[in-house]
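Coordinate analysis (summary)
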Amino acid sequence: MTDLLNRISNTDCTKLCHRVVDGLCGREPPRRADYSATWSLQEWLQLLDFLTALFRLAVGSNISDEEVLAKLSDVNSSHADAVLSVLRARQQDIRCALLDRTNNISSATLQDFDWQLKLALSSDKISSLNTPLLGLSLDVRENGALRPVTMEMSTEELSTLISSLEAANKMVLQLK
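Residues numbered from 1 in each chain as written. Predicted model: local features only at pLDDT ≥ 70, side-chain atom pairs only at ≥ 80, totals over all residues. Heavy atoms only, no water.

In the nomenclature of an unreviewed UniProt entry, the chain is known as COMM domain containing 8 of Kryptolebias marmoratus.

Considering the nonpolar core
Counting residues in hydrophobic clusters, the biggest one holds 32 residues, and the most contacted among them are Leu5, Leu16, Leu51 and Phe55. Sort the elements by how many residues they give to this core and helix 2 (residues 41-60) lands first, with 9 residues. With residues near it in sequence (within four places) discarded, Leu5 still touches Cys13, Leu16, Trp39, Leu47, Leu51, Val75, His79 and Val83. (Core = buried A, V, L, I, M, F, W, Y, C linked by side-chain atoms within 4.5 Å. Buried < 20%, exposed > 50% of the residue type's maximum accessible area, 1.4 Å probe, protein only. Helix = DSSP H or I, 4+ residues; strand = E, 2+ residues; numbered from the N terminus. Contact = heavy atoms within 4.5 Å.)

Let's talk about the pattern of salt bridges
According to the stated counting rule, one finds 9 salt bridges in the structure shown. In this structure, Asp34 and Arg31 form a salt bridge, with 3.0 Å as the shortest nitrogen-oxygen distance. Among the ionic pairs, Arg147 bridges to Glu142, the shortest N-O distance being 3.2 Å. (Salt bridge = Lys/Arg side-chain N within 4 Å of Asp/Glu carboxyl O.)

Here we look at a nonpolar patch on the surface
On the surface, Leu110, Phe113, Trp115 and Leu117 cluster together to form a nonpolar patch covering roughly 500 Å² of accessible area. Summarising the element assignment, Trp115 is placed in strand 1 (residues 108-120). Judged by its relative accessible area of 52%, Trp115 is exposed. (Patch = residues over 30% accessible without salt bridge, like charges linked within 9 Å, V, L, I, M, F, W, Y side chains within 5 Å. Areas by Shrake-Rupley, 256 points an atom, 1.4 Å probe, with all protein chains shown as cover.)

Let's talk about the domain arrangement of the chain
Taken domain by domain, the chain consists of domain 1 (2-103) and domain 2 (108-175). In this structure, domain 1 and domain 2 have C-alpha centres spaced 46 Å apart. (Domains from an automatic or database assignment.)

Describing unusual backbone geometry
Located in the positive-phi region is Asn62, a residue other than glycine, with phi close to 55°. Looking at the element boundaries, Asn62 is found in the loop between helix 2 and helix 3 (65-71). Assessed through its relative accessible area of 56%, Asn62 is described here as exposed.

Regarding helix 1 (residues 10-24)
The end-to-end C-alpha distance of helix 1 is 21 Å, a good match for the 21 Å that 15 residues give at a rise of 1.5 Å each. Within the span of helix 1, buried status applies to Cys13, Leu16, Cys17, Val20, Val21, Asp22 and Leu24. Where helix 1 is buried, its residues touch helix 2, helix 4 (77-89) and helix 5 (91-103). Of the residues one or two after helix 1, Gly26 is the one with positive phi, at around 90°. (Expected span 1.5 Å × (residues − 1).)

And the structure:
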């Protein structure tokens, strides 16, 4: 598959790789019309998918130059060096695009929080309650707007929340 790159000059390979990274970063991607004489539609799509996946993997997993070159084993060395040079030059752009893509999974982010511990001495139904309550105020930014979220939890509800957050943290750590 990577031998498809051998059909264009080294300069065109560098330009194509920069355009693929542009597309990955949300700017204008390479246009098929510019390369329609070189590759069929299926070959074009395969090549774009391969290069995009390679750039994402190389930056997202922080793989070494040798591993990148191993994935480009079917390409002649000058083209492989061109891909590697674009990868090195645009690594920060790709990293930012990958972080933006990850951050956009959920548009809500926690901006600030505040908590209070209260002791409910009684209620309208029970004269002696003596129950600790946690008041939790969250400032959540969602789609650019700050939205306050306030909740009050008993000891059991707080324990459930802490367990859920610990489980979520474990999952995040496993994904790293």
